[in-house]
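# Breakdown of the fold
The residues making up each chain are set out below.
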Amino acid sequence: MARVHNFSAGPAVLPLEVLETARDELTDWNGCGMSVMELSHRSKEFIGIAERAESALRQLLEIPDNYRVLFLQGGATTQFGAVPFNLCGPDDVADYLVTGSWSKKAVAEAKRFCRARVAADSQESNFTEVPDPSEWALDPDAAYVHYTPNETIGGVEYHSVPDAGSVPLVADMSSTILSRPIEVSRFGLIYAGAQKNIGPAGLTIVIVRDDLLGTARDATPRMMDYAPMAEAGSMLNTPPTFAWYMAGLVFDWLLDNGGLVAMGETNLAKSQLLYGAIDGSDFYSNPVRPDCRSWMNVPFTLADPELDGIFLEQAAVEGLTNLKGHRSAGGMRASIYNAMPITGVQALVDFMADFEARHG
Ligand SMILES: *Cc1c(COP(=O)(O)O)cnc(C)c1O
């Protein structure tokens with residue numbers, strides 16, 4: 001059976017070349033007579049896999065030497081709690097910029113562990129834009145400023161990095177990391193669940209500046225404490241070895257395909273193709289302010305929601321799958337991460353034009 005164009009928001013499409021390499025190496029990795037899944041995480045083979053993955057990620061993102069890279073478990077959601085545990089005490093203020101579902105969840109969890117406050121939100125626009133920086137009520141004494149560069153559900157993305165002054169900036173990059181170059185030195189801490197743009201579910205990446213390590217409050221569970229985790233090379237316990245290996249294959253694939261500059265150009269072209277099709281029709285629409293639209297997650301609605309079911313059914317017949325919008329948003333959503341080729345987006349745009357001609 002042929003591979004479909006998988007527009008899932010996550011777990012999401014992986015590059016075919018990566019899956020083929022994993023398949024070829026599945027039962028016997030590099031002549032060691034066993035799969036990566038069967039290797040001890042303390043073996044020299046796995047340590048090599050782990051180190052190569054980290055060094056490829058460092059090369060891709062040009063991560064400065066004063067940042068540590070952690071390969072963790074628990075998903076981005078665990079980081080919603082780990083961040084306040086590590087970066088502030090229970091009475092400290094932490095500022096949150098709220099632009100949709102994920103940043104709302106992040107601040108709600110942080111409120112359980114510190115004086116987390118909403119410094120700005122875009123509620124008034126029903127979360128269809130990034131709040132204007134002139135309206136941000138940032139506390140200069142906050143322990144950190146947290147934001148969500150890309151809201152995976154609403155399809156709202158910051159196209160520049162917020163200015164938090166000297167306060168450490170914390171970013172939940174789950175659905176946008178590796179989609180284009182970024183300047184890591186602008187951030188105190190970056191975290192991302194792997195299953196959108198990195199690899200399989202089960203792995204969470206944290207990139208944290210040295211000076212933010214070692215300040216976790218006493219009650220921090222060790223598994224959430226960045227300092228001992230960094231000290232142990234992310235191996236305080238058994239790490240998600242296979243997901244780590246797969247992430248390494250994805251990083252190699254990105255390097256082989258021109259790195260993040262090339263990826264950014266392709267992702268911009270893909271998003272322009274899809275938004276162009278939506279804006280060029282009266283049948284499809286996207287509510288997000290054009291300068292805040294996501295390159296990665298494109299929600300759209302049909303003029304007649306009664307047609308949603310038929311749209312999804314006929315799209316699936318054409319091999320265009322997982323286009324149903326998030327249960328909280330309705331309509332459609334096309335997630336077009338790094339591993340979605342522009343030919344997949346073109347196939348979707350062609351189908352949309354054809355569907356409109358038949359039903360519009
Ligand atoms: C998917 C997602 C999450 C949740 O990730 P888990 O790994 O399932 O915990 C958090 N934030 C953003 C921006 C996401 O896209």
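Model, not experiment: these values are computed from the prediction.

Attention now moves to the overall build of the protein chain. The secondary structure content of the protein chain amounts to nine helices and 14 strands. A globule of 360 residues ought to have a C-alpha radius of gyration of about 21 Å, and the protein chain, at 21 Å, matches this closely. For the protein chain, the C-alpha atoms occupy an extent of roughly 60 × 55 × 30 Å along the three principal directions. In the protein chain, of all internal contacts separated by at least 6 residues, the share reaching a separation of at least 24 is 66%. Accessible surface for the protein chain amounts to roughly 15,600 Å². Of this, 50% is attributable to carbon and sulfur atoms.

Scanning the model with the defined rule gives 16 aromatic pairs in all. Between Phe85 and Phe113, the ring centres sit 4.9 Å apart and the planes meet at 40°, which makes this aromatic pair tilted. Linking Phe85 in helix H3 (residues 75-87) with Phe113 in the loop between helix H4 (101-110) and strand S4 (115-121), this pair joins segments that are 28 residues apart in sequence. Exposure class is identical for Phe85 and Phe113. Each is buried. An angle of 65° between the planes, with centres 5.2 Å apart, marks the rings of Phe311 and Phe351 as edge-to-face. Within this pair, whereas Phe311 is found in helix H8 (residues 308-317), its partner Phe351 is found in helix H9 (residues 342-359), the two being separated by 40 residues in sequence. Look at Phe311 and you get buried, because its relative accessible area is 0%. The class for Phe351 is buried, based on a relative accessible area of 6%.

All right, on to the side chain of Ser35 then. On the secondary structure map, Ser35 appears in the loop between helix H1 (16-25) and helix H2 (44-61). Sequence-distant contacts of Ser35, that is, excluding residues within four places in its chain, are made with Leu26 and Thr27.

Considered domain by domain, the protein chain is made up of domain 1 (17-256) and domain 2 (259-359). The gap between the C-alpha centroids of domain 1 and domain 2 is 27 Å. Domain 1 puts 24 residues into the contact, and the matching count from domain 2 is 25 residues. Summed over both sides, the interface between domain 1 and domain 2 buries roughly 2,000 Å², with carbon and sulfur atoms accounting for 57% of that surface.

A few words on the sheet that holds strand S14 (residues 332-335). Spatial strand order, S11-S12-S14: three strands in an open sheet with antiparallel pairing. The open sheet has two free edges, formed respectively by strand S11 (284-285) and S14, since each of these has just one partner strand. When strand S12 (residues 297-302) meets S14, the two strands line up antiparallel, connected through four bridges. Along S14, the bridge assignment pairs Val298 with Ala334. On top of the sheet, helix H7 (residues 259-279) reaches S11, S12 and S14; it is set at about 15° to S12, its chief contact.

What counts and what doesn't
Residues numbered from 1 in each chain as written. Predicted model: local features only at pLDDT ≥ 70, side-chain atom pairs only at ≥ 80, totals over all residues. Heavy atoms only, no water. Helix = DSSP H or I, 4+ residues; strand = E, 2+ residues; numbered from the N terminus. Rg over C-alpha atoms; globule rule 2.2 N^0.38 Å. Contact = heavy atoms within 4.5 Å. Areas by Shrake-Rupley, 256 points an atom, 1.4 Å probe, with all protein chains shown as cover. Phe/Tyr/Trp six-rings, centres within 6.5 Å; stacked < 30°, edge-to-face > 60°. Buried < 20%, exposed > 50% of the residue type's maximum accessible area, 1.4 Å probe, protein only. Domains from an automatic or database assignment. Buried area = accessible area lost by both parts, 1.4 Å probe. Pairing = 2+ DSSP bridges. Axes fitted to C-alpha atoms, helices over the stretch in contact; angles between N-to-C directions.

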